[in-house]
2 protein chains.
Amino acid sequence: MLKSKIIYLDYASATPIDKRVIATMNVIFKKYYANPSAIHELGVKTSKLVEDSRKNIADILGAQNSEIIFTGGATENNNLAILGVLEKSKNFFSKPHIVTTNIEHPSVMEVCKYLEKTKQAEVTYVSVEEDGVIDPRKIQKALKPNTVLVSVMYANNEIGTIQPIKEIAKEIRHFRKKQEKQKDFLRSSVLLAQDVSSGDESSARPFKNLFVFPVFYTDATQAINYLPINVLKLGVDMLSFNGDKIYGPKDVGVLYVKKNVPLGKIMFGGNQEFGIRPGTENTASIVGLVEALKIAEKIKEKESERLVKLRNYFIKKILSQNSDIEINGGMEKRLPNNVNITIPKLPSDLIVIELSARGIYISEKSACKSGERKGSYVIKAICPTSDASQTASGFENGSLRFSLGRETSKVDVDYTIKSLKEILKKLKKWYD
Amino acid sequence: MLKSKIIYLDYASATPIDKRVIATMNVIFKKYYANPSAIHELGVKTSKLVEDSRKNIADILGAQNSEIIFTGGATENNNLAILGVLEKSKNFFSKPHIVTTNIEHPSVMEVCKYLEKTKQAEVTYVSVEEDGVIDPRKIQKALKPNTVLVSVMYANNEIGTIQPIKEIAKEIRHFRKKQEKQKDFLRSSVLLAQDVSSGDESSARPFKNLFVFPVFYTDATQAINYLPINVLKLGVDMLSFNGDKIYGPKDVGVLYVKKNVPLGKIMFGGNQEFGIRPGTENTASIVGLVEALKIAEKIKEKESERLVKLRNYFIKKILSQNSDIEINGGMEKRLPNNVNITIPKLPSDLIVIELSARGIYISEKSACKSGERKGSYVIKAICPTSDASQTASGFENGSLRFSLGRETSKVDVDYTIKSLKEILKKLKKWYD
């Protein structure tokens, strides 16, 4: 397989690592292998690299150093954020309530389902609108006195729709102000303040003020490359991302946790990461992540502009060639690199494999329910009639995700569209 | 700081990454960055690398592929093993009981303390003998009908003592046979078999037979470089290690879970790792870990012999020069690379820093209780009189750990002993 023939259009699934990041990681591999907890010179130097990285991330997010927790990646971020808040909230609510949406990442969905199944929490899944965007008023309406957490992703991984995080944050702030006026709530706040200062693991972070539930968390994994990430401007209490989607190392994530937010832990051990996330720090990946984030921030505006143009060109051309193809998700609030389409009456996995044979790598989410495979709940959420679209051949209309990236050129897009045309022509003969 | 002047004697804390492993990881970084879940060619190739790695690990351990779970490292291993077994055992025991020792790694200790604190389990901490080795009969005596897990580390991280894993496994097998004869227990076994085949997350692994509690788990993180790791010969049900201690990548671990062992999960999300450990697989680190393990296996015997000689030379020389120095832990059942000593009446952190200034990097565990710092519970466990040894200057007798490794030569050892002599001479003047 010649490298020149590869057209990688699966950047939302995983990005290649930037060469500069690899070079940096190699320096750490060779020179700074010590345990950052060691008190000898090499340990101190390694620890300083981790702490400098923390400061760099904090500066980029508009946060304080002590608000940045390094983790093992996106799945751990979502687990730690949700289970961590729930753990602490149990002290004050006999039946904690979580508000989320019906298009969150599987790791958010699975944590919520687990909490429901084990009766640890009640969960409201706010339905997305047909354009793939959440209405902030629907979030507001879902809030209850026992709501401890609102978890809404910043941008969707399948259809790339961007959620109104600022507006949701505003609704939550209003709700909290109302809550604060209630006596009952103030009592819990005092209890909470006692809890966080009682010498347990969380007290390593500087808790000075009371925190009023609910906590607002956003999974920014897909958004971080293209959208603003200043946590103060966004108004979020927690935000997370990882290296795997920003041309960085795969095994490292960041969870921003605003001071005073009560967060328990999901793993136990050493006192690393302010006592919230134990385990020897992964220095090379942490330093690599910072470099990847810096590069992403530097080119964010220009690259977003370039990709919006390229994506719009892609979509325009694909629609002009195929009258039956539909774009999933609205065009307005959409990540610059996301093209998600439905091609009716053809199995999407077959199209992915045909494209792959031509060196074009994309992702599929089929709404197919035949056999063992499960369809996309995201596509179902924006397309309530999809159940009706099942064909005689036993599969539903699938979806294809083309996610563009730094290496994607107009030539790649043209070749992809040309190839797709050939493939559809061929497959339609079989399936007609 | 000239590299030639560094004498790194902190291999038990973290190993440098082998150059061959770094080279391999760089190939993965550049070529196999796709998400192993993707169905296009690059995804399939990446997935194959992960699965080949699993097979390689399984072959080395004498296990089956489906018994190997890749994780994020040693702390996660210990958390997943203990919390995972406990989660499943709750279905059958109203008050599960765990047997462990008083010299386990902090991540095992902290998980156990958490379970005790939250009243989820009762824990027995079997006391180590004065030579730092656990008596298998004491483990056997601690077993109860509601014991669901026995967790004993293979070799201790501080004093390097090797635990009689085979013998403990034998005691547990005898106990299980007795248990099997009891009607009550058989009833739970049947329930358990129903549970694991009921379509929940664990059913992705091939459970065919009943499993009889307790599960026997060993944390082999420190042992893996030097001791036999065939899981069948050891007789363990679960075993774990990571890359960080075998000259491999820092952020990846392996948990061997014998088929039929009921294991819940601690994080929720995708169906990776047989549904037990969600999150995109960390391909570069997984492949790097396999290469590191292969190298370790290949040189295990020779390197162990070399280090035993070097370690014995080190100890002999250090004792001959300083009559008041004591070796912590017995000499017979001890990792080839571990030298742990107590130097009475001197603060161990100061010695570490003095050595560091001379380019010698070692680790300390002080039994000091002054100020915020906590002493070593391992040293306390083997030295019950240590409380009495507190000096007028406010600190207890500390301990120093010199852990040798692949780059350690006799010249390094000589230079270290010479430097230590100078430092002790200087410090004794101050503290006398």
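Section: the overall build of chain A
At step 1: Tallying secondary structure elements over chain A gives 12 helices and 13 strands in all.
At step 2: Counting only residues that meet the buried cut, chain A has 52% of its 432 residues in that class.
At step 3: Long-range pairs, those at least 24 residues apart, make up 74% of the contacts in chain A with a sequence separation of at least 6.

Looking at the interface of chain B and chain A
At step 1: Tallying the contact residues gives 49 residues for chain B and 49 residues for chain A.
At step 2: Among the elements of the structure, α1 (19-31), α2 (41-61), α3 (74-89), α4 (106-117), α9 (283-321), α10 (348-357) and β12 (363-365) of chain B are those that each provide at least two residues to the side of chain B that touches chain A.
At step 3: Considering only residue class, the side of chain B that touches chain A consists of 22 nonpolar, 18 polar and nine charged.

Points about the sheet that holds strand β7 (residues 238-242) of chain B
Residues and elements named next belong to chain B.
At step 1: Here we have seven strands laid out as an open sheet, ordered β2-β8-β7-β6-β5-β3-β4, and mixed in their pairing. Two strands bound the open sheet, and with one partner strand each, they are β2 (68-71) and β4 (122-126). Taking the axes of each pair of neighbouring strands and ignoring which way they run, one obtains an average angle of 20° across the sheet.
At step 2: Strand direction decides the pairing type here: strand β3 (residues 97-101) and β4, joined by five bridges, are parallel. By the bridge assignment, His97 is partnered in β4 with Glu122.

Thoughts on unusual backbone geometry
At step 1: Geometrically, the link from Phe213(A) to Pro214(A) is a cis peptide bond, its omega value of 0° lying close to zero.
At step 2: Along the polypeptide, Pro214(A) turns up in the loop between α7 (183-196) and β6 (215-219).
At step 3: Not every positive phi belongs to a glycine, and Glu273(B) is a case in point at roughly 50°.
At step 4: Relative to the elements of secondary structure, Glu273(B) occurs in the loop between β8 (253-257) and α9.
At step 5: With 21 C-beta atoms counted inside 10 Å, the residue Glu273(B) sits in the buried group.

Considerations on the relation of the copies chain B and chain A
At step 1: Superposing chain B onto chain A takes a rotation of 180° combined with a translation of 0.0 Å along the rotation axis, leaving an RMSD of 0.0 Å. Read as a symmetry element, the transformation amounts to a two-fold axis.

Quick notes on α9(B)
Because the α-helix completes a turn every 3.6 residues, residues three or four places apart line up on one side.
At step 1: An ideal rise of 1.5 Å per residue puts 57 Å on 39 residues; α9(B) reaches only 49 Å between its terminal C-alpha atoms.
At step 2: When the local axis directions of α9(B) are compared, the greatest deviation, roughly 60°, occurs at Lys300(B).

Structural notes on the environment of Asn79(A)
At step 1: Within the secondary structure, Asn79(A) sits in helix α3 (residues 74-89).
At step 2: Given 26 C-beta atoms within a 10 Å radius, Asn79(A) is considered buried.
At step 3: Along the chain, Asn79(A) and Asn282(A) lie 203 residues apart, while their C-alpha atoms are 19 Å from each other.
At step 4: Apart from residues no more than four positions distant in its own chain, Asn79(A) is found in contact with Ser107(A), Val111(A), Ile266(A), Met267(B) and Phe268(B).

With respect to the sheet that holds strand β9 (residues 326-327) of chain B
Residue and element names in this part refer to chain B.
At step 1: One open sheet holds the four strands; their spatial order is β9-β10-β13-β12, and the pairing between them is antiparallel. Each edge of the sheet is formed by a strand with only one pairing partner; in this case those strands are β9 and β12.
At step 2: Here strand β10 (residues 338-343) runs beside strand β13 (residues 398-403); their pairing, made up of six bridges, is antiparallel. Bridged to Ile343 within β13 is Gly398.
At step 3: Relative to β10, α9 is tilted by about 15°, and along the sheet it contacts β9, β10 and β13.
At step 4: Sheet strands touched by α10: β10, β12 and β13. Its angle to β13, the strand with the most contacts, is close to 35°.

Side note on the nonpolar core
At step 1: Among the nonpolar cores identified, the biggest contains 236 residues, and Met238(A), Tyr256(A), Met238(B) and Tyr256(B) are the most heavily contacted of them.
At step 2: Ignoring any residue separated from it by four or fewer positions in sequence, one finds Tyr256(A) in contact with Leu61(A), Ala63(A), Glu67(A), Ile68(A), Val231(A), Met238(A), Leu239(A) and Ser240(A).

What to know about the packing of helix α9 (residues 283-321) of chain A against helix α12 (residues 410-431) of chain A
Residues and elements named next belong to chain A.
At step 1: It is the contact of α9 with α12, at a shortest axis distance of 10 Å, that shows an interaxial angle of 20°. For the element pair α9 / α12, the angle class is roughly parallel. Crossing of α9 against α12: the hand is right-handed. Where α9 approaches α12, its residues Leu310, Tyr313, Phe314, Lys317, Ile318 and Gln321 are matched on the opposing element by Lys410, Val413, Ile417 and Lys421.
At step 2: Here the residues of the contact of α9 with α12 are counted per class, giving six nonpolar, one polar and three charged.

Describing the domain arrangement of chain A
All names here are of chain A.
At step 1: As assigned here, chain A comprises domain 1 (3-12 + 300-431) and domain 2 (19-294).
At step 2: Taken together, the contacts link 20 residues of domain 1 with 19 residues of domain 2.
At step 3: Elements supplying a minimum of two residues to the side of domain 1 that touches domain 2: α9, β10 (338-343) and α11 (377-382).
At step 4: Among the elements that line the side of domain 1 that touches domain 2, the one with the most residues is α11, at four residues.
At step 5: Residue classes in the side of domain 1 that touches domain 2 are distributed as seven nonpolar, seven polar and six charged.

What to know about the environment of Tyr33(A)
At step 1: Its place among the elements puts Tyr33(A) in the loop between α1 (19-31) and α2 (41-61).
At step 2: In this structure the C-alpha to C-alpha distance between Tyr33(A) and Thr283(A), which are 250 residues apart in sequence, comes to 7.8 Å.
At step 3: For Tyr33(A), the residues in contact, after removing those within four places along its chain, are Ala14(B), Thr15(B), Pro16(B) and Ile17(B).

Some points on α4(B)
All names here are of chain B.
At step 1: Between its first and last C-alpha atoms α4 spans 16 Å; for 12 residues at 1.5 Å apiece the expected length is 16 Å, and the two agree.
At step 2: Of the residues making up α4, those classed as buried are Ser107, Val108, Met109, Glu110, Val111 and Cys112.
At step 3: In this structure, the buried residues of α4 make contact with α3, β3, β4, β5 (147-151) and β6 (215-219).
At step 4: A positive backbone phi angle near 55° is found at Lys119, which sits one or two residues after α4.

Things to note about the confidence of the model for chain A
All names here are of chain A.
At step 1: Looking at chain A as a whole, its pLDDT mean stands at 89, while 87% of the residues score no less than 70.
At step 2: In the model, residues 196-204 has pLDDT below 50 throughout and makes 15 contacts with residues more than four positions away in sequence or in other chains.
At step 3: The ipTM, which scores confidence in the relative placement of chains, is 0.92 for this predicted complex, and the corresponding pTM is 0.93.

With respect to the packing of α3(B) against α4(B)
Residues and elements named next belong to chain B.
At step 1: Where α3 meets α4, the closest approach of the two axes is 9 Å, and the angle between their N-to-C directions is 35°. For the crossing formed where α3 meets α4, the hand is right-handed. Facing α3, whose interface residues are Ala74, Thr75, Asn78, Asn79, Ile82, Leu83 and Leu86, α4 presents Ser107, Val108, Val111 and Leu115.
At step 2: Grouping the amino acids of the contact of α3 with α4 by side-chain chemistry returns seven nonpolar, four polar and no charged.

Regarding the pairing of strand β13 (residues 398-403) of chain A
Residues and elements named next belong to chain A.
At step 1: Burial analysis of β13 places six of its six residues in the buried class, which makes it a mostly covered element.
At step 2: Residues Gly398, Leu400 and Phe402 of β13 are buried on one face, and the alternating residues Ser399, Arg401 and Ser403, pointing to the opposite face, are buried as well.
At step 3: Across three bridges, strand β12 (residues 363-365) lies against β13 in antiparallel orientation. The partner of Ser363 across the bridge, within β13, is Arg401.

The rules behind each value
Residues numbered from 1 in each chain as written. Chains lettered and ligands numbered in written order. Predicted model: local features only at pLDDT ≥ 70, side-chain atom pairs only at ≥ 80, totals over all residues. Helix = DSSP H or I, 4+ residues; strand = E, 2+ residues; numbered from the N terminus. Buried ≥ 20, exposed ≤ 12 C-beta atoms within 10 Å, placed from the backbone. Contact = placed C-beta atoms within 7 Å. Nonpolar A, V, L, I, M, F, W, Y, C, P; charged D, E, K, R; others polar. Pairing = 2+ DSSP bridges. Axes fitted to C-alpha atoms, helices over the stretch in contact; angles between N-to-C directions. Least-squares fit on C-alpha atoms with pLDDT ≥ 70 in both. Expected span 1.5 Å × (residues − 1). Bend = angle between axes of the 7 residues up to and from the residue. Core = buried A, V, L, I, M, F, W, Y, C linked by C-beta atoms within 7 Å. Parallel < 35°, antiparallel > 145°, perpendicular 65-115°, else oblique. Left-handed = near helix turned anticlockwise from the far one by under 90°. Domains from an automatic or database assignment. pLDDT = per-residue confidence, 0-100.

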